[in-house]
Amino acid sequence: MHAPRLTAAATLLLLANAASSVHAQCDPATMFSQSVDLATGDGPYELGAGDVNGDGIPDIVSINAITNDLGVFLGIGDGAFAPVSFYAAGAQAFDVSLGDIDNDGDIDAVIADITNDAVGILTNDGSGAFSIGASLPITGGSPTHLKLIDSNNDGELDIVANAAAGSFINVFVGAGDGTFAPAAAYAVGTSSQLAAYGDVNNDGHIDIATPNTGSDNLSLLLNNGDGTFASQITIPSEDGPVGVAFGDLDSDGNLDLVESINGTMKQRVRFGAGDGTFSTSVDYDVTEVPGDNTLADLDNDGDLDIITVFLSGTSQVATLINDGAGNFSGPFFFDAGTGPIALLARDINNDFAIDLVTANVFGDSVSLLINKCGPFLSIISQPQSVVATAFGPAEQMTVSAPLADTYQWYLNGTPLADDTRFTGTTSDTLTINPDLNTEGTYRVEVANAAGTILSQNAVMAVINTCPADQNADGLLTPADFSAWVGNYNAGCD
């Protein structure tokens, strides 16, 4: 008798061995290359990034507050960009956010129109060219910041905009066709600035936090679950908080909060409890007056680092590097253009390393700071478990690791070589001719100059059958019997 085999019902185990990307060994003090500056319009105040012309290459936009236009830099690959094209914004605007608001497959733009106390819509024709659309009035005055989010989980983008003069947050619920309901206004502190968006109480809905420069506090608006928000919860701060960002800094599954504090030149870290409350803060001195801040994994070690620009006129970007437990070293400084006021952290050259982009309000330029720690190796699509039939059709397992140079597949921890059962054992696609000896746990090792990583596990379960008509021609012949004997000896019943 043969040992019992896995049945189909027991097959699709996907073992929880999630693969991670290769950890880089980077010097945080020399992480970024010398900046490359791209000329744009006058007074670039904020940035957006996305594929605005649908060619699969990241593009950058800047909203230019003096020339009242949108500057569009179309990516041409490897971190290079075509010269800027300008599109009228129709008004002085201090912020821009990108997203497909009308579900036509093209990324549109919304702007914070401080001239008309409104949100302006710029529609994309699909080529990355924008035209002025509707204007949406806000409650309060002086919208300086805005963001496209899905506030009510209906799959459509909504607009959240501050009203710095009126101490409100305005929420416009999107219909998915480029139109929006009138704004619902929620009171926050005085002179609200760059807001943060994330699920701070783990209920599956996006909440909002604003730093309020005029009242020296933060306002937290918890989402009721339907895109409306509860009354603000006030979190005391000090000396003009101007920026705030959400992210899980200590890998406990809860969002933490980092604020830029103007007067005391700090980045302040508050650890989230997962219920919408935050612990006592820890401060990090950045030696200059900080402004916009954001979080990103700069050194590819699996945790979020802090990046900030400054309001004090220095032409630098500063980083604080996370040790994985929410403790930070630095700051480390990198030169940008003149007067960086806003920043993005994005991979702009497709090497899986996070680069930095700044809007330089006094230099009328956009700076690109390329991360020198890349290219990083990352698996973006894992092999999947399958159910096969013994001596039946071939099955395949595939991995996608765009920067991999070599591959090696394993079965139950043993490296495979091409033979009658396996082909593609050193490629991204493994083809398996199933028999009872191909059942088990598969992984693939991918490698490049940055290092080596293993995929997650995928299980092949083989249904144990051994039909008399081995060649499925509808006839029982001596050849079928001979094949059956061989397969029986290989393990089929």
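Residues numbered from 1 in each chain as written. Predicted model: local features only at pLDDT ≥ 70, side-chain atom pairs only at ≥ 80, totals over all residues. Heavy atoms only, no water.

### Some remarks on the overall build of the protein chain
Counting secondary structure elements, the protein chain contains one helix and 39 strands. When the backbone C-alpha atoms are referred to their principal axes, the protein chain occupies close to 90 × 45 × 45 Å. When burial is assessed residue by residue, the protein chain has 51% of its 493 residues classed as buried. In the protein chain, the proportion of contacts linking residues at least 24 apart, taken out of those at least 6 apart, comes to 48%. Carbon and sulfur atoms provide 52% of the accessible area of the protein chain, an area that totals close to 19400 Å². Charged side chains of the protein chain number 9 positive and 63 negative; the gap between the two group centres comes to 10 Å. (Helix = DSSP H or I, 4+ residues; strand = E, 2+ residues; numbered from the N terminus. Buried < 20%, exposed > 50% of the residue type's maximum accessible area, 1.4 Å probe, protein only. Contact = heavy atoms within 4.5 Å. Areas by Shrake-Rupley, 256 points an atom, 1.4 Å probe, with all protein chains shown as cover. Lys, Arg positive; Asp, Glu negative; His and termini not counted. Charge placed at Lys NZ, Arg CZ, Asp CG, Glu CD.)

### Here we look at the pattern of salt bridges
Here the idea is simple: oppositely charged side chains can pair when their charged atoms come close. Overall, the coordinates contain five salt bridges when judged by the stated rule. For Arg 270, the salt bridge identified is with Glu 259, shortest N-O distance 2.7 Å. Of this pair, Arg 270 sits in strand 22 (residues 266–270) while Glu 259 sits in strand 21 (residues 256–261), and the two are 11 residues apart along the sequence. Residue class for Glu 259 comes out buried when judged on its relative accessible area of 0%. Residue Asp 283 is joined to Lys 266 by a salt bridge in which the shortest nitrogen-to-oxygen separation is 3.2 Å. Residue Asp 283 is found in strand 23 (residues 282–285), and its partner Lys 266 is found in strand 22; the two are separated by 17 residues along the sequence. What makes Asp 283 partly exposed here is its relative accessible area of 31%. For Lys 266, a relative accessible area of 21% gives the class partly exposed. Salt bridges sharing partners connect three or more residues here, namely Glu 238, Lys 266, Arg 268 and Asp 283. (Salt bridge = Lys/Arg side-chain N within 4 Å of Asp/Glu carboxyl O.)

### Considering the sheet that holds strand 36 (residues 429–432)
Backbone hydrogen bonds are what pair the strands of a sheet, in a parallel or an antiparallel way. A sheet is described by the order of its strands in space; here three strands give the open sequence 32-36-35, paired in antiparallel fashion. Whereas interior strands pair on both sides, the edge strands pair on one side only; in this sheet they are strand 32 (395–398) and strand 35 (422–423). The sheet contact formed by strand 32 and strand 36 spans four bridges and is antiparallel. Bridge pairing in strand 36 links Thr 398 to Thr 429. (Pairing = 2+ DSSP bridges.)

### Side note on the layout of surface pockets
Space inside the largest pocket adds up to approximately 720 Å³. Lining of the largest pocket is provided by 30 residues; of these, Lys 147, Ala 195, Thr 294, Leu 344 and Arg 346 occupy positions nearest its centre. Taken together, the elements giving at least two residues each to the lining of the largest pocket come down to strand 2 (44–50), strand 8 (93–99), strand 12 (146–149), strand 16 (196–198), strand 20 (241–247), strand 24 (290–296) and strand 28 (340–346). Considering every element that reaches the lining of the largest pocket, the biggest residue donor is strand 20, with five residues. Its residues assigned to classes, the lining of the largest pocket shows 18 nonpolar, seven polar and five charged. In this structure, the second largest pocket encloses a volume near 210 Å³. Lining the second largest pocket are 13 residues, with Tyr 45, His 145, Gln 193, Leu 194 and Leu 311 sitting closest to its centre. Elements that contribute at least two residues to the lining of the second largest pocket include exactly strand 2 and strand 24. Here the residues of the lining of the second largest pocket are counted per class, giving six nonpolar, five polar and two charged. (1 Å grid on protein atoms, 1.4 Å probe; cavity = no way out; pocket = protein on both sides within 12 Å on 5 of 7 lines; lining within 4 Å. Points joined across faces, edges and corners; volume = space filled by probe spheres on them. Nonpolar A, V, L, I, M, F, W, Y, C, P; charged D, E, K, R; others polar.)

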